[in-house]
Amino acid sequence: MDNHRDEESFDTVIEAREEFMVSPSTGSNPTIRLAHFLKPTMSKTPSPRDSPPLPSNSNVRENVPCEVAFNGWLHPQQQWKTWVDLMKPKYEDVWVQAGIDKAIMASTFTINKNSEMLIVLAEKWCCETNTFIFPWGECTVTLEDMKLCGGYSVLGAPVSLSIDTDEEKEIEAKLLAVRAMFFRSKARRADHHAWMMHFMENARSQVEHEAFLALWLSRFVFASKSHRSVLKCVFPLAVKLARGTRVALGPAVLASIYRDLRLLNSAIKGLAKTKNGGVTLWAPFQLVIVWALERFPALPPKPKMVEPSQPIMARWDRLKTMIDNKKLRSIMDPAGVKKDGFLWRPYKNSPPLKLYNTKYSWVCDNPDFHSELDSYIRCLRVSKLVGMSCIEQYFPNRVAMQFGMDQDIPDCTVPHRNKDPWMDYIHPVMDTNLLSALCARQPDVTLRYYAWWRRRKLGKEEGMKTGLGTGNLSRGLSRQVKGDGSYDSPSGLPSKRKRDQEVFNQKHELTIVERLSTSSNNRCFEDAVVQNKSTLSSSESVDNLPSLGEVFQAYGIMSSGVLNFVASDNVVGGSKIANVEDPKAEGSKIISNENAKEGKPKAHKFCGTVTTGFNKEEKGACHCIGEMASYLENRILKLEKMHAMLKLAKFPPQNKKKLDPRHSVP
């Protein structure tokens, strides 16, 4: 059964279920709706061990402790665009068939170097997840970025393919002969410029096209330690591409970017083993710069206006992007909480599938529907990226909102069907939820994800002040109740007898919603428990208390933001629930109150406030989640102050000082 479950999970990439969703930036606008998540998501309640990741370098440095050489970031030569223009009329159809037409055209544009931006981004890099860790969330360079910014295909054969036929072997031999000729010259290498001029002057060469592709691969795709020399290892790729064979260059290029971001991060920390006091990087980092410029609109400069048919690279051709690192951090660090500070979906018409549903069937006008759909599925699935000399892990489930999907707590436990990572990468996917997910609404995050991510911020900023570990977020709510009615301090905190009273006057940054959602064992107390004077001394009594969902239902929280009282036979926690179709929010649930139908006021069980029934038009009278949370926060704070006062009165300090009247309970 377990093996069957793993296989079923591996064959699909999207999980659809109803969840309590909130805004990713503020945690507001709570909505119960059908959400779409990228697999795998964490099924269990997150524990302290499952804390959100931290960037590999938490200490910001003004200067990198070594010299950094971006040798893979090469600009097009003066004659390169001329050679592309000469080759395009003859071989454009072959380029389209091989999926490299857009990548070749993108190589004709110049993206100016900006080492400061790359260093700031590398400071945020997490080597375990291959993502950038910002205070507001995770993001990363994905296969979709490789496809749209670089023009590289994510479908096709692996880059490690070999030539088969005698004809292909003969062409490779001719390329090797030309390369050997250059190595016998004074330069002792097949210099890029000399190689290009040789074949431009000998346009009738039988291997002109293969030589053109070999230079393109060596300079713009897989630059390596043979600096500015045509690489022998790319000859088989050049021969295959010249015959229209599609090769998945996208995952190979992305793997090299991940590898070098890890190396750059290590160099920033001073941990990398550098030669002659420096570190050399070979990945095409111009793609990372374009990724950042497309997603952070506040970064200068403004893009150029280009034709829709032009590559994305054309928007940033030869523009100056230099900006100091302090300014960069001031833009990037708060970007996720500002409106349009970070664009999760900057690319228009991606994927290029204009879907619409008619007569219970999906219709798409794109003739390349199946190819585009397969490409997008590769971008969505957790896998390993096979490069020329490296293999890197790919976790799109950690950045689901970059694909228009909802975000839940990601699970990094990935089942692998084959020992060969490439076989896992190309394994077919059958997912009935994909088409509906592509037509879904603006993505949000689950309530538990929002609280889970706050754990990272609080663990970093508040942990030093209160001694609170990253796994204990509930503070006042998670105190254990003894049999005599007194309280024990939460795990990780000193005894309250030894605490100073000022601890209780600190501002609690966690809202009540976040406290309730951090653990399934944190529950609200119903009035029946208090009336019976019962205490909670075991996990069994805790489990009998109402769940988080029931607490929300009891307070009349609903997806549309308006209390709509409808009679129903389904009663949960003293409130009635009616499933009403809302055309604006699919799968939403509207929660009603039994007495509201008759217009009678009813006091809530926990806080004792009174609400009256009203209809949809009375939107101004509805209770929002913020009001409920604020009310409970104030009550908890007052109770904590009162409890501290009682403790100080019962166990006065040894110096017998009188209580400061400024600490009186309001």
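Everything numeric in this text was worked out from a predicted model, so none of it was measured. (Residues numbered from 1 in each chain as written. Predicted model: local features only at pLDDT ≥ 70, side-chain atom pairs only at ≥ 80, totals over all residues. Heavy atoms only, no water.)

Undergrad: Hey, could you go over the confidence of the model for the protein chain for me, with residue numbers and the actual values?
TA: On average, residues of the protein chain score 74 in pLDDT, and 64% of them reach the 70 mark or higher. Across residues 462–624 the pLDDT falls below 50, and counting only partners more than four positions away or on other chains, this stretch makes 254 contacts in the model. Contacts from residues 656–666, a stretch scored under 50 in pLDDT, to residues over four places away or in other chains number 8 contacts. (pLDDT = per-residue confidence, 0-100. Contact = heavy atoms within 4.5 Å.)

Undergrad: Which residues make up the pattern of salt bridges, and what values go with them?
TA: Tallied over the entire structure, the rule returns 23 salt bridges. Taking the shortest distance from any N to any O, the salt bridge between Asp-85 and Lys-81 comes out at 3.6 Å. Residue Asp-85 and its partner Lys-81 are located together in helix 2 (residues 80–98), separated by 4 residues, close to a single helical turn. Since its relative accessible area comes to 40%, Asp-85 is described here as partly exposed. Its salt-bridge partner being Asp-164, residue Lys-240 comes within 3.6 Å of it at the nearest N-O pair. Of the two residues, Lys-240 sits in helix 9 (residues 235–242) while Asp-164 sits in the loop between helix 5 (143–150) and helix 6 (166–183), which places them 76 residues apart along the sequence. You can call Lys-240 buried: its relative accessible area is 9%. Among the residues examined, Asp-164 registers a relative accessible area of 52% and is labelled exposed. Among the charged side chains, a salt-bridge network with shared partners connects Glu-15, Arg-17, Glu-19, Asp-408 and Arg-448. (Salt bridge = Lys/Arg side-chain N within 4 Å of Asp/Glu carboxyl O. Helix = DSSP H or I, 4+ residues; strand = E, 2+ residues; numbered from the N terminus. Buried < 20%, exposed > 50% of the residue type's maximum accessible area, 1.4 Å probe, protein only.)

Undergrad: Quick one: what's the story with the sheet that holds strand 6 (residues 137–139), residue by residue and with numbers?
TA: Reading across the sheet, the 3 strands line up as 4-5-6 and stay open at both edges, with antiparallel pairing between neighbours. In this open sheet, the two edge strands, each paired with only one partner strand, are strand 4 (125–126) and strand 6. Of the strand pairs in this sheet, strand 4 and strand 5 (residues 131–134) are connected by 2 bridges, and their pairing is antiparallel. From the neighbouring strand, Trp-125 faces strand 5, where its bridge partner is Phe-132. (Pairing = 2+ DSSP bridges.)

Undergrad: I'd like to hear about the sheet that holds strand 1 (residues 14–22), residue by residue, with values.
TA: Overall, antiparallel pairing links the 3 strands, which are arranged 2-1-12 in an open sheet. Both edges of this open sheet fall to strand 2 (31–38) and strand 12 (445–446), since each of them pairs with a single strand only. Two strands pair when backbone bridges link them, and strand 1 and strand 12 are joined in this way by 2 bridges, in the antiparallel orientation. Its bridge partner lying in strand 12, Val-22 is registered against Val-445.

Undergrad: Break down the side chain of Thr-140 for me, with residues and values.
TA: Within the secondary structure, Thr-140 is located in the loop between strand 6 and helix 5. Judged by its relative accessible area of 2%, Thr-140 falls in the buried class.

Undergrad: Describe the packing of helix 2 against helix 7 (residues 192–201), with residues and values.
TA: Relative to each other, helix 2 and helix 7 sit at 35°, their axes nearing to 11 Å. Crossing angle aside, the handedness with which helix 2 passes helix 7 is left-handed. Between helix 2, through Trp-80, Thr-82, Trp-83 and Leu-86, and helix 7, the contact on the second element is made entirely by Met-196, Phe-199 and Met-200. Considered class by class, the residues forming the contact of helix 2 with helix 7 number 6 nonpolar, 1 polar and no charged. (Axes fitted to C-alpha atoms, helices over the stretch in contact; angles between N-to-C directions. Left-handed = near helix turned anticlockwise from the far one by under 90°. Nonpolar A, V, L, I, M, F, W, Y, C, P; charged D, E, K, R; others polar.)

Undergrad: How would you summarise the environment of Tyr-376 if you had to cite specific residues and measurements?
TA: Looking at the element boundaries, Tyr-376 is found in helix 13 (residues 369–380). In this structure Tyr-376 comes out as buried when scored by relative accessible area, which is 4%. Once the C-alpha coordinates of Tyr-376 and Ser-350 are considered, the two residues, 26 residues apart in sequence, prove to be 8.8 Å apart. Beyond its immediate sequence surroundings of up to four residues, Tyr-376 is in contact with Glu-144, Arg-345, Pro-351, Phe-403 and Leu-438. At a separation of 3.0 Å, a polar atom in the side chain of Tyr-376 contacts the main-chain carbonyl oxygen of Phe-403. (Polar contact = N/O pair within 3.5 Å; in protein donor to acceptor, adjacent residues only side chain to side chain.)

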